[in-house]
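Remarks on the overall topology
What follows is each chain in one-letter form.
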Amino acid sequence: VDNLVQRLHARGRRMAFYGDDTWLKLFPRAFERAEGTVSFFVSDTVTVDHNVTRNLLRELPPLAEHVVDDAHGGDGGDGVEPWW
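Summarised in this report is the structure supplied together with it. If you're wondering where the values come from, they're calculated on a predicted model, not measured in any experiment. (Residues numbered from 1 in each chain as written. Predicted model: local features only at pLDDT ≥ 70, side-chain atom pairs only at ≥ 80, totals over all residues. Heavy atoms only, no water.)

**Remarks on the overall build of the chain**
A tally of regular secondary structure across the chain gives three helices and two strands. Overall, the chain shows an N-to-C arrangement of helices and strands of α-β-α-β-α. Relative to its 84 residues, the chain shows a buried fraction of 18%. Residue pairs in contact within the chain that sit at least 24 positions apart in sequence constitute 35% of those at least 6 positions apart. Summed over its atoms, the accessible surface of the chain is roughly 6600 Å², and 61% of this surface lies on carbon and sulfur atoms. (Helix = DSSP H or I, 4+ residues; strand = E, 2+ residues; numbered from the N terminus. Buried < 20%, exposed > 50% of the residue type's maximum accessible area, 1.4 Å probe, protein only. Contact = heavy atoms within 4.5 Å. Areas by Shrake-Rupley, 256 points an atom, 1.4 Å probe, with all protein chains shown as cover.)

Right, here's the structure in full:
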């Protein structure tokens, strides 16, 4: 099975995930940091939104730094290699 999560994990990309715990069950070792919400109550979008928002605020500084670093070639790559 070919998918973006497995490709990024195989390339050593560090990933965080917050949201529906189905993804954590599908990819149990792919995420460095994660917090899932129970997917049984699919109609409860408020709980998922609070989980994602609370954790996203914690992730934003490193995420912004990573985006800026990659935009300026700070990863040491040749700038030709695809991000996935």
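**A word on the environment of Asn51**
The residue Asn51 is located in helix 3 (residues 45-71) in this model. According to the relative accessible area criterion, Asn51 is buried, its value standing at 2%. Excluding residues that lie within four positions of it along the chain, Asn51 makes contacts with Tyr18, Gly19, Glu35, Gly36 and Thr37.

**Quick look at the packing of aromatic side chains**
On inspection of all chains with the given rule, the structure shows two aromatic pairs. Consider the rings of Phe17 and Phe31, whose centres lie 5.3 Å apart with planes at 35°: the pair is tilted. With Phe17 in strand 1 (residues 16-20) and Phe31 in the loop between helix 2 (22-26) and strand 2 (33-37), this pair connects stretches of sequence that are 14 residues apart. Each member of the pair, Phe17 as well as Phe31, carries the same accessibility label: buried. (Phe/Tyr/Trp six-rings, centres within 6.5 Å; stacked < 30°, edge-to-face > 60°.)

**A short note on the nonpolar core**
Grouped together as the largest cluster of nonpolar side chains are seven residues: Val5, Leu8, Met15, Phe17, Phe27, Ala30 and Phe31. Among residues more than four places away in sequence, those in contact with Met15 are Val5, Leu8, His9, Ala30, Phe31, Glu32 and Arg33. (Core = buried A, V, L, I, M, F, W, Y, C linked by side-chain atoms within 4.5 Å.)

**Details of the side chain of Asp21**
You can see Asp21 is positioned in the loop between strand 1 and helix 2. Not counting residues up to four positions away in its chain, the partners in contact with Asp21 are Gly36, Thr37, Val38 and Ser39.

**Quick word on the environment of Ala10**
Note on placement: Ala10 falls in helix 1 (residues 4-10). Distance in space between the C-alpha atoms of Ala10 and Ala30 is 8.7 Å, their sequence separation being 20 residues.

**Observations regarding the environment of Asp20**
Considering the arrangement of structural elements, one finds Asp20 in strand 1. Beyond its immediate stretch of four places on either side in the chain, Asp20 contacts Thr37, Ser39 and Val48. A distance of 2.8 Å separates a polar atom in the side chain of Asp20 from a polar atom in the side chain of Thr22. (Polar contact = N/O pair within 3.5 Å; in protein donor to acceptor, adjacent residues only side chain to side chain.)

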